[in-house]
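# Understanding the architecture of this molecule
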Amino acid sequence: MRTARIAPSVLAADFGRLRDQIVLAESGGADWIHVDVMDGHFVPNLSFGAPVIKAIRAATKLPVDVHLMVTAPEKYIAEYADLGANVFTFHPEATTHVQRQLAAIRDRGMKAGLALNPGTPLSAIDEVVADLDLVLVMSVNPGFGGQGYWGPATDKVARIKALLDVRRSGAVIEIDGGITARTIAAPFLAGCDMFVAGTSVFGQPDPAGAIAGLKAACPAGTPA
Ligand code: DX5
Ligand code: ZN
């Protein structure tokens, strides 16, 4: 039986109590910790980089899921691997040699992910399915937390699921942006397994309870 897995995004956390917030998320059943790195160039916002990843790594044993919204993400592969990141996801538009970077990420012992913006077609992953451990479907245009869910992302999840099944890929499908207890069921039923949630976890008075609420909002009894 399938269950939804949740990757709370620290972008929405209170940075003054970052460790406490991560411990709270872990106690609430978080599966991964999602870390949004933005450079103010690939996306119109700046967030944080290596020092914050280091602090997050020290605060949890959960997998650290780094989502790079930066130009030339290859500059950070070695550094983030050394810091203990477990998943390294970048956008195909942000670099020239996508397959080379995916291989380099795996060589460094991390899971390799590609993120697809709402306007990015599935063809961006077609030639590199064998190099992928994860496909991150963006259900908002990246750059900011707290945006509304982009509805067509649900159908995109279904098409990616079909593509991965045909190619016998075990890559995880993750979705990111506008995930709440009201929006999570549709992409779950379409085949998504990992859900990034910022505002709907850390923006709530009870982040641990919010994680349980997200999981409970996915219909039970869904076959694998
Ligand atoms: C958006 C980031 C997201 C963001 C999600 O560019 O990639 O991970 O933190 O925030 P919510 O869940 O609030 O949409
Ligand atoms: Zn993200």
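The structure contained in this document is the topic of the report that follows.

What counts, and at which threshold
Residues numbered from 1 in each chain as written. Chains lettered and ligands numbered in written order. Predicted model: local features only at pLDDT ≥ 70, side-chain atom pairs only at ≥ 80, totals over all residues. Heavy atoms only, no water. Helix = DSSP H or I, 4+ residues; strand = E, 2+ residues; numbered from the N terminus. Expected span 1.5 Å × (residues − 1). Buried < 20%, exposed > 50% of the residue type's maximum accessible area, 1.4 Å probe, protein only. Contact = heavy atoms within 4.5 Å. Donors = N, O, S within 2.8 Å, 3.2 Å for Na, K, Ca; no water. Near = heavy atom within 4 Å. Polar contact = N/O pair within 3.5 Å; in protein donor to acceptor, adjacent residues only side chain to side chain. Areas by Shrake-Rupley, 256 points an atom, 1.4 Å probe, with all protein chains shown as cover. Nonpolar A, V, L, I, M, F, W, Y, C, P; charged D, E, K, R; others polar.

## Concerning helix α6 (residues 153-166)
Under the 1.5 Å per step criterion, the end-to-end length of α6 is 20 Å for 14 residues, consistent within 8% with the ideal 20 Å. Residues of α6 that are buried: A153, T154, K156, V157, I160, L163 and L164. For α6, the secondary structure elements touched by its buried residues are β5 (111-116), α5 (123-126), β6 (134-138), β7 (172-176) and α7 (185-190).

## Some thoughts on the coordination of the zinc ion (ligand 2)
Surrounding the zinc ion (ligand 2) are the protein donor atoms H34 (NE2), D36 (OD), H67 (ND1) and D176 (OD), which sit 2.0 to 2.3 Å from the metal. Expressed as a motif, the donor residue spacing for the zinc ion (ligand 2) is H-x1-D-x30-H-x108-D. In this pair, H67 sits in strand β3 (residues 64-69) while D176 sits in strand β7, placing the two residues 109 residues apart along the sequence. For the residue pair H67 and D176, the accessibility class agrees, reading buried in each case.

## Brief notes about the site of ligand 1
In the vicinity of ligand 1 there are 20 residues, among which D36, G143, D176, G198 and T199 approach most closely. Take D36: an N or O atom from its side chain is 2.7 Å from an oxygen atom of ligand 1. For ligand 1, an oxygen atom lies 3.3 Å from a polar atom in the side chain of H67. Compared with its free state, where it exposes 380 Å², ligand 1 has 98% of that area covered by protein. At the level of secondary structure, the elements contributing two or more residues to the shell around ligand 1 comprise β2 (33-38), β3 and β8 (194-197). Looking at the shell around ligand 1, the element that brings in the most residues is β2, giving three residues. Of the residues assigned to the shell around ligand 1, the class counts are eight nonpolar, 10 polar and two charged.

## What about the side chain of S9?
Mapped onto the elements of the fold, S9 is located in the loop between β1 (5-8) and α1 (18-27). In this structure S9 comes out as buried when scored by relative accessible area, which is 5%. Residues contacting S9, with those up to four places away along its chain left out, are H34, D36, V196, A197, G198 and F202.

Without other data, these values stay purely geometric and don't point to any function.
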